[in-house]
Amino acid sequence: MSEMTAPPRVDSEVGPLRAVLLHRPGNELKRLTPRNNDQLLFDSIPWVDRAQQEHDAFAEVLRSRGVEVLLLSDTLRTALEDPRAHAAGVHAAVDDRRLGTDLADSLRSHLACVDARSLAEVLMAGMTFEELPSAEGASLVRMMHDPRDFAVDPLPNLLFTRDSSAWIGDRVAISSLTMPARMRETAVLDLVYAYHPRFRHAARAYGAHSAPIEGGDVMLLAPGVLAIGVGERTTPAGAESLARSVFADGLAHTVVAVPIEQSRATMHLDTVCTMVDTDAVVMYPLARDSLTAFTIRPTGDGGVKVAGPAPFLDAAAEAMGIERLRVIDTGLDPVTAEREQWDDGNNTLALAPGVVVGYERNVETNERLTAAGIEVLPITGSELGSGRGGPRCMSCPIRRDTSTAQVSLSSATLND
């Protein structure tokens, strides 16, 4: 079996990365204006051409380290070549409640006749009322909307492929996204995983229409051990539902649920910490001693037992079967730490144990990682970071190798 056709599987955060799903910024970012950027969850208006250049450089860093890069737009177009996917895509694009029956029917008829590339563009970049196909007869909906209003919302947050899906073992969890601006991303990923030849036989680890959970809150601490952040985007019900699902499927033996502050700066667990080695995390200093966790384990009869809360670092180390987790702080000076946490200093993507990609602007964090023996591959993120996401947010690992250290750690944990 070739590298390019090996089945998807991800058992940890740091196993050697072999394949990843990214989304190159597209026309959906050109839909952002000062009038709508807050609603669409961006803190500023990105310079799209520069964002594309930065993303291309990010993808090239991954390829230079032997990682196969799949682009979401390409996979979506391929999936939509299947007539069943095309029909489902049309259904996902058109909202009768927004357009009214007549206008919705007209748009459905139009989209049913466009090719896969054009439909993919509408699904990602949306459509304004002035871009709607001409229709006979009067439409109050069309007349009362500003021509620049969205008849189909754009999805600028597709850039952050970690949130909309996450692989756990050999199964994919398609997220139930919380924020209205992101909810339709679920349908896009559903199409890709259901109809793209690469994923057609992949089983699901979580129902996309279950309780809210987002991939940025799901962290594979070690084989069989998940941490799930609970805060702005993932609810306690979502964390418990995912825990029960992975236990039932034999994908995990322990889930650590981690309450996090419900704020823009800490919207996901991976904005607070990410793993940089099999036994090490980079972490925002203020969270180091304040984070707690509830430990969830299966009872063996279909139920779960919950213990805690306990300090997160202690609960995580116990679940992983190690003495302690090494912690590398995002700077020691409180002001620098706060600045670099805001700029996603904690949001690194591991390409292998001890090798991570991080934004170059987080100078002190990167220096501290290097001093701790972690190789940092810096990328520019001046425009990519405008949606508050770093290298981990922008990447959905599809396949990682399991390192020898991870196998030993997993065996030790299971033996306990």
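Since the structure is predicted, the reported quantities are computational estimates derived from the model, not experimental observations.

1. Some details on the sheet that holds strand E10 (residues 254-259)
Strand order in the open sheet made by the 5 strands is E8-E9-E10-E13-E14, with mixed pairing throughout. At either end of the open sheet lies a strand with only one pairing partner, and these are strand E8 (218-222) and strand E14 (304-311). Shown here is a sheet whose adjacent strand axes are inclined to one another by a mean of 25 degrees, direction ignored. With 6 bridges joining them, strand E9 (residues 225-230) and E10 adopt parallel strand pairing. Directly across from Leu 226, in E10, lies its bridge partner Val 255.

2. With respect to the pattern of salt bridges
A side chain with one charge may pair with a side chain of the opposite charge, provided their charged atoms come close. For the coordinates displayed, the defined rule picks out 28 salt bridges. Across the pair Asp 11 and Arg 9 runs a salt bridge whose closest N-O atoms are separated by 2.9 Å. Note on Asp 11: relative accessible area 17%, which makes it buried. With a closest N to O distance of 2.6 Å, Arg 65 and Glu 375 form a salt bridge. Of the two residues, Arg 65 is situated in the loop between helix H1 (48-64) and strand E2 (68-71) and Glu 375 in strand E18 (residues 375-379); the sequence distance between them amounts to 310 residues.

3. Details of the packing of aromatic side chains
Evaluation of the coordinates by the stated rule reveals 3 aromatic pairs. Between Trp 167 and Phe 199, the aromatic rings sit 6.1 Å apart at their centres with planes inclined by 35 degrees, giving tilted as the arrangement. Here Trp 167 is found in strand E5 (residues 165-168), whereas its partner Phe 199 is found in the loop between helix H9 (185-195) and strand E7 (203-206), with 32 residues between them in sequence. An aromatic cluster of three or more residues is present, and its members are Trp 167, Tyr 193 and Phe 199.

4. Notes on the environment of Asn 347
Within the secondary structure layout, Asn 347 lies in the loop between helix H13 (334-342) and strand E16 (349-352). When its relative accessible area of 0% is taken as the criterion, Asn 347 is described as buried. Asn 347 sits 74 residues away from Cys 273 along the chain, and the two C-alpha atoms are 6.7 Å apart. Every residue in contact with Asn 347, bar those within four places of it in the chain, is listed here: Asp 270, Thr 271, Thr 274, Gly 390, Pro 391, Arg 392 and Cys 393. Here Arg 392 takes part through its backbone nitrogen, which lies 3.0 Å from a polar atom of the side chain of Asn 347.

5. A closer look at helix H6 (residues 116-125)
With 7 of its 10 residues buried, H6 lies for the most part within the structure. Among the residues of H6, those classed as buried are Ala 116, Leu 119, Ala 120, Val 122, Leu 123, Met 124 and Ala 125. Once H6 ends, the next one or two residues include Gly 126, with phi positive near 75 degrees.

6. Topic: H9
For H9, the tally of buried residues reaches 8 of 11 residues, placing the bulk of the element in the interior. Regarding H9, the residues found buried are Glu 185, Thr 186, Val 188, Leu 189, Leu 191, Val 192, Tyr 193 and Tyr 195.

7. Details of the packing of helix H2 (residues 72-80) against H6
Relative orientation of the contacting elements H2 and H6 amounts to 125 degrees, with a least axis distance of 9 Å. With respect to H6, the element H2 is oriented oblique. In the packing of H2 onto H6, the handedness of the crossing is right-handed. On H6, the residues that touch Ser 73, Leu 76, Arg 77 and Leu 80 of H2 are Ala 116, Arg 117, Leu 119, Ala 120, Leu 123 and Met 124. Taken together, the residues that form the contact of H2 with H6 break down as 7 nonpolar, 1 polar and 2 charged.

8. Some points on the UniProt feature "active site" (unreviewed entry) in the protein
The feature "active site" (unreviewed entry), as given by UniProt, occupies Cys 393 in the numbering adopted here. By the secondary structure assignment, Cys 393 is in the loop between E18 and strand E19 (396-400). Under the relative-accessibility criterion, Cys 393 is labelled buried at 3%. Among all residues touching Cys 393, those that are not within four sequence positions of it are Leu 159, Phe 160, Thr 161, Arg 162, Asp 270 and Asn 347.

Criteria and thresholds
- Residues numbered from 1 in each chain as written.
- Predicted model: local features only at pLDDT ≥ 70, side-chain atom pairs only at ≥ 80, totals over all residues.
- Heavy atoms only, no water.
- Pairing = 2+ DSSP bridges.
- Helix = DSSP H or I, 4+ residues; strand = E, 2+ residues; numbered from the N terminus.
- Axes fitted to C-alpha atoms, helices over the stretch in contact; angles between N-to-C directions.
- Salt bridge = Lys/Arg side-chain N within 4 Å of Asp/Glu carboxyl O.
- Buried < 20%, exposed > 50% of the residue type's maximum accessible area, 1.4 Å probe, protein only.
- Phe/Tyr/Trp six-rings, centres within 6.5 Å; stacked < 30°, edge-to-face > 60°.
- Contact = heavy atoms within 4.5 Å.
- Polar contact = N/O pair within 3.5 Å; in protein donor to acceptor, adjacent residues only side chain to side chain.
- Parallel < 35°, antiparallel > 145°, perpendicular 65-115°, else oblique.
- Left-handed = near helix turned anticlockwise from the far one by under 90°.
- Nonpolar A, V, L, I, M, F, W, Y, C, P; charged D, E, K, R; others polar.
- UniProt positions renumbered as here; feature names shortened; annotations may be inferred.

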